[in-house]
Amino acid sequence: MKRFVNRPASYGVAVRLLIAAAIVPFASDAIAELGASAGLYPAAWTRIVHAALVALLLLLVTIEQMFTLRRIDRVRQVALEDVRRSEERMRMQIDRMPVACITTTPDFRIASWNPAAQRIFGWTAEEIVGNSAAMLLPQPMTIELRVLWQRLLAGDAPASGANENVTKDGRRILCRWANTPLIDDYGRVTAVLSMAEDVTEENRAQVALRQAERRHRELVDQLPHYIFSVDADDRYIAVNAAACQTFGRPPHEVIGKTAIELGVPAEVARVWTDMNAKTRARGTIETVDMEASIGGSTRIFRAITSPLRDENGAVIGITGVSLDITEQRANETAVHRLMRAVEQLDEVMFTADLDGTITYVNPAFVRVYGYTREEAIGCTPRILKSGESSQEFYAQFWGELLAGRSVRIEYRNRAKDGTLVDVIGSASPLIAEDGKINGFVAVQQDVTAQKRAAEERRRFEESVAHFGKLESLGTLAGGIAHDVNNILSIILTHASLLERHADEARIAQVVATIKRAVQRGATLSQQILTFARRAEIKAECVEVSKLIMELGSMISETFPRTIQVTFDFDPELPSLTADSGKLHQALLNLCVNARDAMPDGGELTIGACAVPGESIAHLIPNPKQRNYVCLVVRDTGTGMSDETRRRIFEPFYTTKEKGRGTGLGLALVYGVVQSHGGAIDVESRLGYGTTFRLYIPIETPVASLRSQARPAGTVNGTESLLVIEDETPLLDAVKTQLRACGYRVLTANNGPEAIELLGSSAAGVDAVLMDLGMPKMPAVDLVRALRAAAPRLPIVAMTGYVDPEVHASVVAAGVACVVQKPFEVAELLRCLREVLEASAA
């Protein structure tokens, strides 16, 4: 770039040298001729010398001129470079400006556009430069805008203003513009420079501020109190509507006048003036009560004034509010009556000063806490601390009060005699007229009795809710057991068929495996029914000491050596009429839980003792038995929280890690105890171990189903049997087995079909084999209908699950025997043979 700029100057110097080379010889000869003709050269050589000097002088002058022109050209290039740099800096400054900088040609086209303009209006420079500036206007140019533009093109002074513009995305914004014409050296306007700022939000804020001021004014005017402001000369500068009504003049007649000029009595005006003077002098809020005659009646006012300050903090006037306290003074008598009522309150009430020293207690305080007034006044509320609340609790409590906030809490105090008192209390700071806290007031309601009643009610509701959960689960377990046992019966019956016709050892092995799986399923069903308290109890005589020793022998061999097992029971304990297997399982579950709670070892104690029924009335209201055996399992393990202790008997609830527990163990324990008519109690604390106590009545009335015998063989027959079963696969299997044993078999899928079939062939049916859980007719109704059709007909029932009440009802209706599913075919044949022979006898 530099070589290109200097190239014309080099050409000029060369041209000048050529011209000088051509002119200097001619000029030298001409000067020499003129000198000779004038007789200036006495000799020829002087002429030559003179010509040479002249030529040299001209040459030197020419060279000097050339160098001077060269320097001028360099200076001009430097100046041009400075101008270019200055323009670049100006462009950078314009690009960095936070406001839009736009230049517009006289024909109203945009010539330049900085980034701020792009940010405000949305168009890029490439999109808008060269286009009409009318793009920024929401509508065609108005007359006012045309006049302004013509004035700018005429070179008038800069113009500014605000008008609405439109952005690229169609939004309308309000912009503040400053326009300046750009004039060249010849006085012509070459462009207009405009700076624009988006003031949309500023305008909205101003509108909102004006609206807020208007609402504030309306609010002040609606207040019944007299609100005013005066200047340094006590002349009113602002008043609300209530104050104007007091003076009986509109606002414009009040502003600028003093109280005396407005007709206020001299003595009242003097009080106001003195109050304003104190407010100015002290710079604080002042309050004065005074009487004034308004409308022919004497009213009492309380004037409150505060200094009005300027932006520098100097007091320039007074702002005040005057309150009519006539009613307040009239109510002071009522306040005194209220204080007398406080003395008769059932709620505790006391006051304390800023240091917390008790200054007043009402009679309820004396009655509830046992301290006399003389003992309590002068002490602090610390005499009531129960020790159950933390220091952080009291720190937060007093922090709220000292911050000027009221506190309402429920907590526990201690009376003079040491008894605990539950209270719901509220405490509030007492604020003096100067706005400072000078004491506190507390009101407390003694809710000790209500708390105890609520706790008892909560425990009762928890027991009811827990019982309801287990009852619902029991219903579900009953249904599950019925369906599962039906399926298992189908499997077992078909397995028996397979075994009957097996010729190879492999088939016999498969059959044996199927039978074992069926028995496992039946055991699982019994476990589900046990924790749901729906399984029948196998009543037998249980020696408690023998039960505990058998359990102890098992766990001593299997539990870690780090756990010390001890026994604590009376060998002469009376025997129980109970299900030994279920009690054994319940105690074993408790011992396993105790082992898991002592991973690092500990002590496990298993004990038993006899207790009277009245001693456990809190667990069993109105106990039916006089004496109970208490089975105890105690460990020194990790213990439980209150939340865990409340939920341990819920089915499927467990605190063990995944894979180490199903949550059925303690629910099963609860079901076993409840099915025996007993109760269970738990004591536990985190870090201090757990104690379970199972209370089993010594005299337990037990209704047991018929024990299922396992005969060694089968007994065949030739009688005619009616089999009623809604499960077709099971019906077919039973029919095949019975026919294979020699019986004649009729079948029905439901009760109505069986009754119809029995009515058409009553003489040919010797016994009925029926399922207790079928559709279309309840089991009791079906039994009664069958007995009505054939009174001497023996009936054998099959069931996957039988409720004790249903069992009793069908037996009473005429069922001779109930066979529990899943069953061995031999057992069914034995039962049929017994009832058939009994019927024949």
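Described in the following lines is the structure provided in the data block. Residues take numbers from 1 onward in each chain, read along the sequence in its written order. Restriction of local features to residues with pLDDT of at least 70 applies here, the model being predicted, together with a cutoff of 80 or more for giving and counting side-chain atom pairs; totals for whole chains, interfaces and linings are based on all residues. Heavy atoms from the whole structure form the basis of all side-chain values; hydrogens and water molecules are not counted.

1. Quick look at the overall build of the protein
So, point 1. Helix and strand assignments come from DSSP, with helices taken as H or I runs of at least 4 residues and strands as E runs of at least 2, each series counted from the N terminus. Within the protein, the regular secondary structure consists of 25 helices and 27 strands.
So, point 2. Relative to its full complement of 841 residues, the protein shows a buried share of 38%.
So, point 3. When the accessible surface of the protein is summed, it comes to about 47600 Å², and 56% of that surface belongs to carbon and sulfur atoms. With a 1.4 Å probe rolled over the protein chains alone, any residue whose accessible area is under 20% of its type maximum counts as buried; one over 50% counts as exposed, and the rest are partly exposed. Areas reported here follow the Shrake-Rupley algorithm with a probe of radius 1.4 Å; residue values treat only the protein chains shown as occluding.

2. With respect to the nonpolar core
So, point 1. Put simply, a nonpolar core is a bunch of buried Ala, Val, Leu, Ile, Met, Phe, Trp, Tyr and Cys residues held in one set by side-chain atoms that sit within 4.5 Å of each other. V544, I555, L576, C591, L604, L631 and L694 are the most contacted members of the largest nonpolar core, which has 40 residues in total.
So, point 2. Take this core: its biggest share by element is seven residues, from helix α18 (residues 580–596).
So, point 3. Whether two residues touch is decided by their heavy atoms; if any such pair falls within 4.5 Å, the residues are in contact. Beyond its immediate stretch of four places on either side in the chain, L631 contacts V544, L587, G607, A608, F692, R693, L694 and I696.

3. Structural notes on the packing of aromatic side chains
So, point 1. Two rings from Phe, Tyr or Trp (for Trp, the six-membered ring) form a pair when their centres are within 6.5 Å of each other. A pair whose planes differ by under 30 degrees is stacked, one over 60 is edge-to-face, and the rest are tilted. Applying the stated rule across the entire model yields ten aromatic pairs.
So, point 2. For the pair W113 and F121, a centre-to-centre distance of 5.8 Å together with 45° between the ring planes defines the contact as tilted. The exposure classification of W113 matches that of F121, with both residues buried.
So, point 3. Between F393 and Y394, the ring centres sit 5.2 Å apart and the planes meet at 80°, which makes this aromatic pair edge-to-face.
So, point 4. Its relative accessible area of 24% is what places F393 among the partly exposed residues.
So, point 5. Chaining the aromatic ring pairs together yields one cluster made of W113, F121 and W177.
So, point 6. Geometrically, a lysine NZ or arginine CZ counts as sitting over a ring once it is within 6 Å of the ring centre and also within 35 degrees of the ring normal. Sitting over the face of the ring of Y394, K385 holds its NZ or CZ atom 4.6 Å from the ring centroid.
So, point 7. Against the face of Y688 rests R685, its NZ or CZ located 4.1 Å from the ring centre.

4. Quick word on unusual backbone geometry
So, point 1. Its identity as a non-glycine residue notwithstanding, F108 has a phi of 65°, on the positive side.
So, point 2. Inspection of the secondary structure puts F108 in the loop between β1 (100–104) and β2 (110–113).
So, point 3. Residue classification places F108 among the buried positions, given a relative accessible area of 17%.
So, point 4. Positive phi, normally seen in glycine, also occurs at D234, with a value near 65°.
So, point 5. Among the secondary structure elements, D234 is positioned in the loop between β6 (226–231) and β7 (236–239).

5. Brief notes about the pattern of salt bridges
So, point 1. For salt bridges, the criterion is a side-chain nitrogen of Lys or Arg within 4 Å of an Asp or Glu carboxyl oxygen. This model, assessed by the stated rule, comprises 20 salt bridges.
So, point 2. The salt bridge partner of R830 is E834, with a shortest N-O separation of 3.3 Å. Here R830 pairs with E834, and both are found in helix α25 (residues 825–840), just four residues apart, close to one helical turn.
So, point 3. On the basis of relative accessibility, which here comes to 40%, the residue R830 falls in the partly exposed class.
So, point 4. Residues joined by salt bridges that share partners form a network here, namely R176, E197 and E202.

6. A word on helix α14 (residues 391–402)
So, point 1. Across its twelve residues, α14 extends 16 Å between first and last C-alpha, which sits within 8% of the 16 Å expected from 1.5 Å per residue.
So, point 2. Among all positions in α14, only Y394, F397 and L401 are buried. The buried residues of α14 occupy one face: seen down the axis, they fall within an arc of 60°. The outward face of α14, more than 90 degrees from its buried face, is lined by the exposed residues Q391, E392, A395, Q396 and L402.
So, point 3. Tucked into the core, α14 has its buried residues touching β13 (407–414), β14 (420–431) and β15 (437–446).
So, point 4. Following α14 by one or two positions, G404 has its phi on the positive side, about 90°. One less than the number of residues in a helix, times 1.5 Å, gives the span that helix is expected to have. Here the arc refers to the set of directions running from the helix axis out to each C-beta atom.

7. Regarding the environment of Y688
So, point 1. Residue placement: Y688 occurs in the loop between β21 (679–684) and β22 (690–697).
So, point 2. In this structure Y688 comes out as exposed when scored by relative accessible area, which is 62%.
So, point 3. Residues Y688 and M640, spaced 48 residues apart in sequence, show a C-alpha to C-alpha distance of 8.7 Å.
So, point 4. Discounting chain neighbours no more than four positions away, the residues touching Y688 are G637 and T638.

8. Some points on the sheet that holds strand β5 (residues 189–198)
So, point 1. At least two DSSP bridges between two strands are needed for those strands to be called paired. With respect to topology, five strands assemble into an open sheet ordered β2-β1-β5-β4-β3, the strand pairing being antiparallel. The open sheet terminates on both sides in strands that have one partner only, identified here as β2 and β3 (159–166). The mean inter-strand angle of the sheet, taken between neighbouring strand axes irrespective of direction, is 30°.
So, point 2. Sheet topology places β3 next to strand β4 (residues 172–183); eight bridges connect them, and they run antiparallel. Within β4, the residue paired with G161 across the bridge is W177.
So, point 3. Under this scheme, a helix contributes an axis fitted over its contacting stretch, all axes are lines through C-alpha atoms, and angles between N-to-C directions fall in the 0 to 180 degree range. Along the sheet, helix α5 (residues 143–153) makes contact with β1, β3, β4 and β5, crossing β5 at roughly 130°.

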